[in-house]
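# Commentary on secondary and tertiary structure
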Amino acid sequence: MTWEVCHDAPMTIDRRKPRVSVIIPTYNRAWSVHEAVESVLTQTYTDYELIVVNDGSTDETSTILGKWDGITVLTQARQGVSAARNKGAHAAHGELIAFLDSDDFWLPDKLAVQVGYFDTNPDVYICQTEEIWVRRGVRVNPGRRHRKQAGMIFKPSLALCLVSPSAVMLRRSLFMSMGGFDETLPACEDYDLWLRIACQHPIGLIETPLIVKRGGHSDQLSRQPGLDRYRIQSLIKIIASQRLTADQRHAALETLTSKCAIYAAGCRKRGRREDAEHYEKLAKQAALDIGAK
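We now turn to the structure provided with this report. The structure displayed is predicted, hence computed values, not measured ones.

## A closer look at the overall build of the protein chain
Within the protein chain, the regular secondary structure consists of 10 helices and nine strands. A compact globule built from 293 residues would reach a C-alpha radius of gyration of about 19 Å, and the protein chain, at 20 Å, matches this within 12%. Taken along its principal axes, the extent of the C-alpha atoms in the protein chain is 60 × 40 × 35 Å. Sequence separation of at least 24 residues holds for 77% of the intrachain contacts in the protein chain that already meet a minimum separation of 6. When the accessible surface of the protein chain is summed, it comes to about 13,800 Å², and 51% of that surface belongs to carbon and sulfur atoms.

## Description of the pattern of salt bridges
This model, assessed by the stated rule, comprises 18 salt bridges. Taking the shortest distance from any N to any O, the salt bridge between Asp 192 and Lys 237 comes out at 3.0 Å. Here Lys 237 lies in helix H8 (residues 228-239) and Asp 192 lies in helix H7 (residues 189-198), a separation of 45 residues in the sequence. A salt bridge links Arg 272 to Asp 275; its shortest N-O distance comes to 3.0 Å. Using a relative accessible area of 34% as the deciding quantity, one classes Arg 272 as partly exposed. Owing to a relative accessible area of 32%, Asp 275 belongs among the partly exposed residues under this scheme. Put simply, Arg 19, Glu 95, Asp 119 and Arg 171 are held in one network by salt bridges that share partners.

## Points about the environment of Met 178
Tracing the chain through its elements places Met 178 in the loop between helix H6 (172-177) and H7. Judged by relative accessible area, Met 178 falls into the buried class, the value being 7%. A sequence separation of 19 residues divides Met 178 from Ile 197, and the C-alpha atoms of the two residues are 7.4 Å apart. Other than its neighbours up to four places away in sequence, Met 178 contacts Leu 193, Arg 196, Ile 197, Gln 200, His 201 and Arg 243.

Criteria and cut-off values
- Residues numbered from 1 in each chain as written.
- Predicted model: local features only at pLDDT ≥ 70, side-chain atom pairs only at ≥ 80, totals over all residues.
- Heavy atoms only, no water.
- Helix = DSSP H or I, 4+ residues; strand = E, 2+ residues; numbered from the N terminus.
- Rg over C-alpha atoms; globule rule 2.2 N^0.38 Å.
- Contact = heavy atoms within 4.5 Å.
- Areas by Shrake-Rupley, 256 points an atom, 1.4 Å probe, with all protein chains shown as cover.
- Salt bridge = Lys/Arg side-chain N within 4 Å of Asp/Glu carboxyl O.
- Buried < 20%, exposed > 50% of the residue type's maximum accessible area, 1.4 Å probe, protein only.

Here it is, written out as structure tokens:
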């Protein structure tokens, strides 16, 4: 099965004050950024601005981005995806923000459906859509553990990230109040932000797949080894933040204990004794904190 993006639909954008700001961070994605941009420019909903943040690309990305007049291109020295998304958000004018990773693309009604969802649910601050997964050009089905949920999803989100940046739309006020993405995290920055949001806000779910999420390529951040060390960092941070209810804190401590123990075992297996001892100590402390409550 294949998916095609139309390249000849007209773009009509009110540049005065768009309702939605679309932000695409990109780094050395000349092979895919054209399709990502075109999937935005051919949306049926047109009250948006498109901001692409070129995060220090050294390939043909800059040349490709220069072909469009109707988009804003911001350029920075290589700082990582979190800094790129944050830069785009600070430059945004829209009430709503939608992110799109430059290796993914949207189906034509993505913005229209999500804006309609916010209009129907004015008290909601964040929502996401279902998605189509493609690995190395072949459609695959997400595993049960990746199944998206709606509402207060903090607890199920502790084990792994259940919100996709390319599928999400949120109010800019919420994004700014949360401080944006943590720029100290080279990966799992989305897991970190969604936990900070999900502990206090329900996350809406549109059950229609409206994005194509591509994976399996070598530069995919989620393919990096040892990602749990960044999730552990995020868990420690949110436990210390005083944002959590007692029940949420207990669940976060249980997850922290488990992840630290598993990561420590992996370090020992690879001969990294000092790292193993560090994470074993963290696991022990988290277990003690559970027992103290």
